[in-house]
Amino acid sequence: MEGVADEREDRRSPLERLVVRDIEEQTGRPLSARARQTQRAVDSYLKAGAAPRWMQRVNEIERGIARQRRRLERAYRALREEHGDDPDAFARRWSALARSWRFDELNELIRMHNEWYPVERDLPMDLRTRDYVRVNGRSYRRPELGPEWVLEQFPAHP
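Since the structure is predicted, the reported quantities are computational estimates derived from the model, not experimental observations.

Visitor: An account of the nonpolar core is requested, with residue identities and associated values reported.
Guide: Generally speaking, a soluble globular protein has its nonpolar side chains buried in company with each other. Judged by nonpolar contacts, the single largest core of 19 residues is most densely connected at Ile65, Leu72, Trp94, Phe103, Leu145, Trp149 and Val150. At the level of secondary structure, the elements contributing two or more residues to this core comprise helix 5 (53-82), helix 6 (87-100), helix 7 (104-120) and helix 8 (147-153). Top element by residues in this core is helix 5. It accounts for five residues. Filtering out sequence-adjacent residues up to four positions away, Phe103 remains in contact with Gln68, Leu72, Leu145, Gly146, Trp149 and Val150.

Here's what the structure looks like:
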């Protein structure tokens, strides 16, 4: 329970917590001028053993979504059992719960991804659409999570 209380008291944004954690974990001496000017590439990051930030963020988003889905599934089953004989009461309570469910930290990561991914990946622009090119045939943008997402994953009326 102590970790939960610490998390609630920490009013810093996910970005601020990440920067502080990165600073606290830094060891060694600052980068040389040559190292700062060397062009970076994904294969260099992978060879060095450190994934680029966009890759770390995508993994954090995927893990966060999976964690939220598991929590919602447990709540869904518990509420379904509680209102097994009254589907209308279940639908009302589940819809209210879906509206109250918070995704603030995860949505902040998604917003950061949507803003920085094309820059970090150096995606080219599509001159016809005036947008970044699609990655594997689909947009790099990820939708933020909210009540609509909850009800899409776990409908109030089966």
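Resuming the write-up.
Visitor: How would you explain unusual backbone geometry if you had to name every residue and give the values?
Guide: If you check the backbone angles, Arg130 has positive phi at about 60 degrees while not being a glycine. Its place among the elements puts Arg130 in the loop between strand 1 (125-126) and strand 2 (131-132). A relative accessible area of 73% places Arg130 in the exposed class. Positive phi outside glycine occurs at Asn136, with the angle close to 55 degrees. When you line up the elements, Asn136 lands in the loop between strand 2 and helix 8. Since its relative accessible area comes to 78%, Asn136 is described here as exposed.

Visitor: Summarise the packing of helix 5 against helix 7; cite the residues concerned and give the values.
Guide: For the pair helix 5 and helix 7, the least separation of the axes is 10 Å and the interaxial angle reads 150 degrees. Relative to helix 7, the element helix 5 is oriented roughly antiparallel. Every pair of crossing elements has a handedness; the one defined by helix 5 and helix 7 is left-handed. Mapping the contact onto sequence places Arg53, Trp54, Arg57, Val58, Glu60, Ile61, Gly64, Ile65 and Gln68 in helix 5 and Leu106, Leu109, Ile110, Met112, His113, Trp116, Tyr117 and Glu120 in helix 7. Across the contact of helix 5 with helix 7, the residue classes tally to 10 nonpolar, three polar and four charged.

The rules we used
- Residues numbered from 1 in each chain as written.
- Predicted model: local features only at pLDDT ≥ 70, side-chain atom pairs only at ≥ 80, totals over all residues.
- Heavy atoms only, no water.
- Core = buried A, V, L, I, M, F, W, Y, C linked by side-chain atoms within 4.5 Å.
- Buried < 20%, exposed > 50% of the residue type's maximum accessible area, 1.4 Å probe, protein only.
- Helix = DSSP H or I, 4+ residues; strand = E, 2+ residues; numbered from the N terminus.
- Contact = heavy atoms within 4.5 Å.
- Axes fitted to C-alpha atoms, helices over the stretch in contact; angles between N-to-C directions.
- Parallel < 35°, antiparallel > 145°, perpendicular 65-115°, else oblique.
- Left-handed = near helix turned anticlockwise from the far one by under 90°.
- Nonpolar A, V, L, I, M, F, W, Y, C, P; charged D, E, K, R; others polar.

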